[in-house]
Amino acid sequence: MSIFSSNAVPDFVPFSTAHFITVGIMIIFVLSLFWSRMYIRSHRIWRLGIRYGLAFVLLLTQVSLNIWYIAWGVWDVKHTLPLELCSLSLLLSIVMLCTRNRMLYHVLFFAGICGALQAVLTPNLSYGFPHFRFFEFFAAHTAIILAPLYMTWIEQYRPSWKSIGWSMLFLNLLALIVGILNIALGSNYMFLQHKPDTPSLLDLLGPYPYYLLVEEGIALFMFVVMYAFFFVIPQMFRRNLKRWDQERQHEFESTGL
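What counts as what
- Counting from 1, residues in each chain are numbered in the order their sequence is written.
- pLDDT decides what is reported in this predicted model: residues at 70 or higher carry local features, side-chain atom pairs at 80 or more are listed and counted, and totals for whole chains, interfaces and linings draw on all residues regardless.
- To obtain the side-chain values, all non-hydrogen atoms of the structure were included, while hydrogens and water were left out.
- Secondary structure elements follow DSSP: runs of H or I of four or more residues count as helices, runs of E of two or more count as strands, with numbering from the N terminus.
- Per-residue accessibility, obtained with a 1.4 Å probe over protein chains only, is compared with the maximum for each type, and a residue is labelled buried under 20%, exposed over 50%, and partly exposed between these values.
- Here a residue-residue contact requires only that any non-hydrogen atoms of the pair lie within 4.5 Å.
- Only the protein chains shown count as covering a residue, and every accessible area follows the Shrake-Rupley method with a 1.4 Å probe.
- Helices are assigned an expected span. That span is 1.5 Å times one less than the residue count.
- Among the buried residues, those of types Ala, Val, Leu, Ile, Met, Phe, Trp, Tyr and Cys that are joined through side-chain atoms within 4.5 Å form a nonpolar core.
- The working definition used for a salt bridge is a side-chain nitrogen of Lys or Arg within 4 Å of a carboxyl oxygen of Asp or Glu.
- For patch detection, residues must exceed 30% relative accessible area and be free of salt bridges, and they are connected within 9 Å for like charges or within 5 Å for nonpolar side chains (Val, Leu, Ile, Met, Phe, Trp, Tyr).
- Two N or O atoms form a polar contact when they lie within 3.5 Å of each other; inside protein one atom must be a possible hydrogen donor and the other a possible acceptor, and for residues adjacent in sequence the pair counts only when both atoms belong to side chains.
- Fitted lines through C-alpha atoms serve as axes, helices being fitted only where they are in contact, and the angles separating the N-to-C directions of these axes extend from 0 to 180 degrees.
- Should an angle fall under 35 degrees it is called roughly parallel, over 145 degrees roughly antiparallel, and 65 to 115 degrees roughly perpendicular, with every other angle called oblique.
- Left-handed describes a crossing whose near helix is turned anticlockwise from the far helix by less than a right angle; the clockwise case is right-handed.
- Each residue receives one of three labels: charged for Asp, Glu, Lys and Arg, nonpolar for Ala, Val, Leu, Ile, Met, Phe, Trp, Tyr, Cys and Pro, and polar for the others, Gly being one of them.
- The rule for a disulfide is simple: a pair of cysteine sulfur atoms within 2.5 Å.

Q: What exactly am I supposed to notice about the overall build of the chain here?
A: Along the chain, the regular secondary structure elements total 8 helices and 0 strands. Secondary structure elements in the chain, listed N-terminal to C-terminal, are α-α-α-α-α-α-α-α. The burial tally for the chain puts 41% of its 257 residues in the buried class. In the chain, of all internal contacts separated by at least 6 residues, the share reaching a separation of at least 24 is 73%. As presented, the chain carries roughly 14,700 Å² of accessible surface, and 70% of it is formed by carbon and sulfur atoms.

Q: What is the right way to look at helix α3 (residues 44-71) in this model?
A: An α-helix turns once every 3.6 residues. As a result, residues three or four positions apart point the same way. The terminal C-alpha atoms of α3, which comprises 28 residues, lie 39 Å apart, in line with the 40 Å expected from a rise of 1.5 Å per residue. The complete set of buried residues in α3 reads Ile-50, Arg-51, Leu-54, Ala-55, Leu-58, Thr-61, Gln-62, Ser-64, Leu-65, Trp-68 and Tyr-69. The elements touched by buried residues of α3 are α2 (37-41), α4 (85-99) and α6 (132-153). Immediately downstream of α3, the backbone of Gly-73 shows phi near 65°, a positive value.

Q: Please explain the nonpolar core as it appears in this structure.
A: Considering soluble globular proteins, one finds that nonpolar side chains tend to be buried as a cluster. Counting residues in hydrophobic clusters, the biggest one holds 59 residues, and the most contacted among them are Leu-33, Met-96, Leu-97, Phe-109, Leu-149, Tyr-150 and Phe-223. Ranked by residue count, the leading element in this core is α6, at 13 residues. Each residue touching Phe-109, except ones within four places of it in the same chain, is listed here: Pro-148, Leu-149, Thr-152, Pro-159, Met-226, Phe-230 and Phe-231. One finds Val-9, Leu-65, Trp-68 and Phe-132 within the second-largest nonpolar core, a separate group that totals 6 residues.

Q: So what exactly am I meant to see when it comes to the environment of Met-190 here?
A: Turning to its location among the elements, Met-190 is positioned in the loop between α7 (161-185) and α8 (210-255). Residue class for Met-190 comes out buried when judged on its relative accessible area of 15%. It is 24 Å that separates the C-alpha atoms of Met-190 and Leu-54, two residues lying 136 residues apart in sequence. The residues contacting Met-190, other than those within four sequence positions of it, are Leu-83, Glu-84, Leu-85, Leu-174, Ala-175 and Val-178.

Q: Before we go on, may I ask you to explain the pattern of salt bridges in this structure?
A: One side chain can pair with another of opposite charge once the charged atoms of both are near each other. Under the definition given, this model contains 3 salt bridges. Glu-155 is the salt-bridge partner of Arg-51, the closest N and O atoms lying 3.9 Å from each other. Of this pair, Arg-51 sits in helix α3 while Glu-155 sits in the loop between α6 and α7, placing them 104 residues apart in sequence. Neither Arg-51 nor Glu-155 differs from the other in exposure class; each is buried. Across the pair Glu-155 and Arg-100 runs a salt bridge whose closest N-O atoms are separated by 2.7 Å. Taken as a pair, Glu-155 in the loop between α6 and α7 and Arg-100 in the loop between α4 and α5 (102-121) lie far apart in primary sequence, 55 residues in all. The exposure class assigned to Arg-100 is partly exposed, which follows from its relative accessible area of 38%.

Q: When you look at a nonpolar patch on the surface in this model, what are you seeing that I'm missing?
A: Taken together, the side chains of Met-103, Trp-166, Leu-169, Leu-173, Leu-176, Ile-177, Ile-180 and Leu-181 make up a nonpolar region of the molecular surface, amounting to roughly 780 Å² of accessible area. Here the element with the most residues in the nonpolar patch is α7; it accounts for 7 residues. Positionally, Met-103 belongs in helix α5.

Q: What is the right way to read the side chain of Thr-142 from this model?
A: Position of Thr-142 among the secondary structure elements: in helix α6. Within the structure, the side chain of Thr-142 is placed 2.7 Å from the backbone oxygen of Phe-138, a separation counted as a polar contact.

Q: Looking at this model, I keep getting lost on the packing of α4 against α6. Mind explaining?
A: How two helices pack is summed up by the angle between their axes together with the distance between the axes. Contact geometry of α4 with α6 gives a least axis separation of 10 Å together with a crossing angle of 40°. In terms of their interaxial angle, α4 and α6 are classed as oblique. Crossing of α4 over α6 shows left-handed handedness. In contact with Cys-86, Ser-89, Leu-90, Ser-93, Met-96 and Leu-97 of α4, α6 contributes Ala-140, His-141, Ile-144, Ala-147, Pro-148, Tyr-150 and Met-151. Of the residues contributing to the contact of α4 with α6, the split by class is 10 nonpolar, 3 polar and no charged.

Q: Looking at this structure, how should I read the state of the cysteines?
A: Each disulfide is one covalent bond, formed between the sulfur atoms of two cysteines. Taken as a whole, this structure holds 0 disulfides when the rule is applied. Among the cysteines around Cys-86, which has no disulfide bond, Cys-114 carries the closest sulfur, lying 11 Å off.

Here you go:
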């Protein structure tokens, strides 16, 4: 059995050993980037290598995927155009990494990470380990998550509360454009016409079209949680730690110890 075949392939099994291992590898990459951020930040060769390395991985996954589509005769305007949220996030991530565009960063930090994380946890994927599509899928989505994290931890970019609004506006404009294209093409990009055929979080959100409205609320909630987790809570912790240090210093000086 060829790992590139489009027919005789192992089925993807959600929450299988292979699925858990790939999620674990993604977590290791994220933690490694965070723990080594100071070293990478202080060495230009590492900064350039990781930034352009991520861009190369993203480009490679997209190019190889389309070569696979064409080679096996499965390229179809209704299914294989880069009109899914993660596909568009992938392309925009390449531009962001190569140009260091701040506006793209503000959108991709929220929409890119949340969309790719949901895809990794509940993949809309038919091909299991060790098929090419399995590796391509998880490599692409892991890189989509790492790209804005790199810009945050290494390049020291920061979103704001306004970035959440820009991200919501981006998602709604994107949904409008893709929705029009879905009607014209008879497609279902971004699952705007109906839910995916494989199990996903959308199964918990009610029937069409109500799950689209629920998605809006979940996206807004997740964006707020992300901003609080990455920026508000750490800033409060640092502020309290500084205040505690000042109080201890004042107590030390007042007692003459």
